[in-house]
Amino acid sequence: MRLLFLGDMVGKSGRTAVWEKLPGLIADFRLDFVIVNGENAAGGFGITEEIFQETLRAGADVVTTGNHVWDQREALMFAGREERFLRPANYPKGTPGRGSGLFVARNGARVLVSNIMGRVFMHPELDDPFQAGERELAACPLGEQADAVVIDFHAEATSEKMCFAHFVDGRASFVVGTHTHQPTADHQILNGGTAYITDAGMCGDYDSSLGMDKEEPLNRFLSKVPKGRFEAATGPATICGVGVDISDRTGLAEKIAPLRIGPRLEETAPAFWG
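The notes below deal with the structure included here. Keep in mind that what you see is a predicted model, and the values were worked out from it rather than measured.

### So, the packing of helix α4 (residues 129–139) against helix α5 (residues 158–168)
Part 1: Interhelical geometry of α4 versus α5 gives an angle of 30° and a closest axis separation of 11 Å. Between α4 and α5, the crossing angle belongs to the class labelled roughly parallel. In this structure, α4 meets α5 at a crossing whose hand is right-handed. On the side of α4, the interface is formed by Pro129, Phe130, Gly133, Glu134 and Leu137, while α5 contributes Glu160, Cys163, Phe164, Phe167 and Val168.

Here it is in structure tokens:
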């Protein structure tokens with residue numbers, strides 16, 4: 001199975017770049033399954049139902065989120081009825097929506113996608129992500145109910161992301177870090193066969209501060225006095241993500257490589273995709 005994960009969409013620049021490029025990527029690389037993190041898609045803060053639906057129309061199979069999931073209040077309304085919209089699984093019981101789902105890929109494979117949020121330096125502080133991961137994997141084990149398992153681990157601390165990946169190594173196909181908006185260079189396949197990267201990066205304007213217009217963040221570092229709101233940067237976006245080939249036999253990763261398309265960052269695509 002050939003899977004693409006795209007990192008956090010930030011603002012109009014990021015989401016329109018994804019919508020424009022994703023259909024071609026699916027066709028050119030014969031992708032079986034696509035996951036997009038959309039938690040910053042609405043002006044950098046949350047996601048609306050219209051943006052969610054447009055992302056699905058562009059070809060995404062699932063949209064994951066993170067700590068900004070409820071920034072747009074309407075997300076509380078549509079989360080419960082949209083199976084392909086995920087919020088972190090370690091929110092308390094009774095929170096609207098779902099944290100995991102079992103989906104069918106274009107090649108017929110059953111793909112468990114789980115969205116889990118870390119706790120170190122994160123707000124709000126949710127339930128134990130390791131216990132949440134254990135619960136989700138026990139409910140739908142790789143090689144039994146699922147042919148592939150992908151976990152979007154939305155967290156700040158690199159150590160927490162890496163330890164979580166080692167914790168589920170051999171039981172998940174791919175653990176992808178999100179939240180920091182900066183693509184890391186540590187894509188690898190762990191000893192047990194789980195693909196891993198600390199952060200996929202963002203889909204947004206990299207002439208910015210994490211996708212935000214850099215003037216106000218810079219002002220706050222210099223003066224400690226806010227002058228205005230954070231606004232999403234509006235320059236040309238770079239699409240950042242990760243491609244993974246997953247064995248149809250074992251459900252474990254065979255290859256992993258970053259995908260970057262757009263200005264400022266060096267462009268790259270998984271060489272094994274041809």
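That was the structure; now back to the text.
### Some thoughts on the sheet that holds strand β12 (residues 239–246)
Part 1: Spatially, five strands are ordered β4-β3-β1-β12-β13 in an open sheet, and the strand pairing comes out mixed. At either end of the open sheet lies a strand with only one pairing partner, and these are β4 (62–64) and β13 (253–261). This sheet shows a mean twist of 20° between the axes of neighbouring strands, independent of strand direction.
Part 2: With three bridges joining them, strand β3 (residues 33–37) and β4 adopt parallel strand pairing. By the bridge assignment for β4, isoleucine 35 is matched with valine 62.
Part 3: With respect to the sheet, helix α1 (residues 11–29) is in contact with β1 (2–6), β3, β12 and β13, its orientation differing from that of β1 by roughly 165°.

### Quick look at the environment of methionine 122
Part 1: Position of methionine 122 among the secondary structure elements: in the loop between β6 (110–117) and α4.
Part 2: When near neighbours in sequence (up to four residues on either side) are disregarded, methionine 122 contacts Asn67, Met117, His154, Ala155, Glu156 and His179.

### So, the packing of aromatic side chains
Part 1: Applying the stated criterion to the full structure yields 11 aromatic pairs.
Part 2: Here phenylalanine 130 and phenylalanine 167 contribute two aromatic rings whose centre-to-centre distance is 5.4 Å and whose plane-to-plane angle is 75°, an arrangement assigned as edge-to-face. Here phenylalanine 167 lies in helix α5 and phenylalanine 130 lies in helix α4, a separation of 37 residues in the sequence.
Part 3: According to the relative accessible area criterion, phenylalanine 167 is partly exposed, its value standing at 33%.
Part 4: The interplanar angle of 20° and the centroid separation of 4.4 Å between the aromatic rings of phenylalanine 153 and phenylalanine 164 together place this pair among those described as stacked. Here phenylalanine 164 lies in helix α5 and phenylalanine 153 lies in strand β7 (residues 148–154), a separation of 11 residues in the sequence. For the pair formed by phenylalanine 153 and phenylalanine 164, the shared burial category is buried.
Part 5: Chaining the aromatic ring pairs together yields one cluster made of Phe130, Phe153, Phe164 and Phe167.

Here is what the cut-offs are and how they apply
- Residues numbered from 1 in each chain as written.
- Predicted model: local features only at pLDDT ≥ 70, side-chain atom pairs only at ≥ 80, totals over all residues.
- Heavy atoms only, no water.
- Axes fitted to C-alpha atoms, helices over the stretch in contact; angles between N-to-C directions.
- Helix = DSSP H or I, 4+ residues; strand = E, 2+ residues; numbered from the N terminus.
- Parallel < 35°, antiparallel > 145°, perpendicular 65-115°, else oblique.
- Left-handed = near helix turned anticlockwise from the far one by under 90°.
- Contact = heavy atoms within 4.5 Å.
- Pairing = 2+ DSSP bridges.
- Phe/Tyr/Trp six-rings, centres within 6.5 Å; stacked < 30°, edge-to-face > 60°.
- Buried < 20%, exposed > 50% of the residue type's maximum accessible area, 1.4 Å probe, protein only.

Keep in mind that these numbers describe shape and distance, not what the molecule does.
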